Amino acid sequence: ANGDPDKNPFDIALTGGGNTAPILTLPTSPFIAEATAATGAVVNFTATATDGEDGPLTPEVEPASGSRFALGDTTVNASVTDSSGSTATGSFIVRVRDTTAPALTLPSPITAPATSGAGAPVTFSITASDLVDGPVTPTADYESGSIFPVGTTTVHVSATDTRGNSASGSFTVTVVPSSSPDLASLSIAGAILQPSFDPTVTTYTTTVGNAVTTAIVSATPAFPGATLLQSPSGAVPLAVGITNISV
């Protein structure tokens, strides 16, 4: 160098700082979302990127946050490029699942009067709806229109969607004795009723001889739990003429 033969030539290597790709920050995979309809769910997530030279960058994401994702797994691809042309790519899974049970619509507690000794037929409406499946047919241990006995009966209801999510509930049906219950039987000892006993007949007559001094009435209510009242009560003394007895 510089024409001096005693000096050896030398090389100088210059190394500059290399450009690094941006860093993507993506959601943990799988990113779980709950279905809100048969078409899946609108899913929102956050994907960001930062670069040593450019600072924060906006990555391109497909499908984008806020898109509707179908039930199951969908791959979301993300990429970002800085001003020097360095690119970073990544991906994650959005998993839309259905773990929500159907919603049951049940009646409030029902009270009905007995219409026979067996109780009363009671009708009611039960429905179920699922976010994904739509209307679902519920099942119950009593059908609408069944005969319910006197007293309180609990009706258990359940509904299951196509993915096995189940909902259950219950309501009560109370059948009370009729306020004017019919009689299942009526007789007077030693006498014959006119006309013959009929649950639909409310007035009877009978004639007894002078030797009969008391009337002993036997009656059975048609409805279990009904209270039998007689006036006058017990063995009724009979006088010449007409004696009225109410049961």
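Description of the structure in this document. (Residues numbered from 1 in each chain as written. Predicted model: local features only at pLDDT ≥ 70, side-chain atom pairs only at ≥ 80, totals over all residues. Heavy atoms only, no water.)

**Regarding the environment of Val-94**
The condition that has to hold: The helix and strand labels rest on DSSP assignments: H or I over at least four residues marks a helix, E over at least two residues marks a strand, and numbering proceeds from the N terminus. Between buried and exposed lies partly exposed: a residue is buried under 20% and exposed over 50% of the maximum accessible area for its type, with that area taken using a 1.4 Å probe on protein chains only. Contacts are residue-level and defined by heavy atoms, with any inter-residue pair within 4.5 Å sufficient.
Positionally, Val-94 belongs in strand S9 (residues 87-97). With relative accessibility at 0%, the residue Val-94 sits in the buried group. Those residues in contact with Val-94 that sit more than four places away from it in its chain are Phe-31, Val-43, Phe-45, Phe-69, Gly-72, Asp-73, Thr-74 and Val-76.

**A word on the nonpolar core**
Inclusion rule: We call a set of buried residues a nonpolar core when its members are Ala, Val, Leu, Ile, Met, Phe, Trp, Tyr or Cys and they connect through side-chain atoms within 4.5 Å of each other.
Of all hydrophobic cores here, the largest spans 19 residues; its most connected members are Val-43, Phe-45, Phe-69, Val-76, Val-94 and Val-96. Those elements that provide at least two residues to this core are strand S8 (72-81) and S9. In terms of nonpolar packing, the next biggest core, distinct from the first, is built from 13 residues, Ile-110, Ala-112, Val-157 and Phe-171 among them.

**A word on the pattern of salt bridges**
Opposite charge on two side chains lets them pair, provided their charged atoms get close. We apply this condition: When a carboxyl oxygen of Asp or Glu lies within 4 Å of a side-chain nitrogen of Lys or Arg, that pair is called a salt bridge.
Using the criterion set out here, one finds 3 salt bridges in the structure. Put simply, Asp-98 and Arg-163 hold a salt bridge, and the shortest N to O gap is 4.0 Å. Of this pair, Asp-98 sits in the loop between S9 and strand S10 (103-105) while Arg-163 sits in the loop between strand S17 (151-160) and strand S18 (166-176), and the two are 65 residues apart along the sequence. Classification of Asp-98 by relative accessible area gives buried; the value is 8%. Linking Asp-133 and Arg-163 is a salt bridge whose minimum nitrogen-to-oxygen distance equals 3.9 Å. Here Asp-133, found in the loop between strand S13 (127-130) and strand S14 (134-136), pairs with Arg-163, found in the loop between S17 and S18; they are 30 residues apart in sequence, far enough to count as distant.

**Notes on the side chain of Ser-86**
Turning to its location among the elements, Ser-86 is positioned in the loop between S8 and S9. Leave out the neighbours within four places in its chain, and Ser-86 touches Asn-19, Thr-20, Ala-21, Pro-22, Val-80 and Thr-81.

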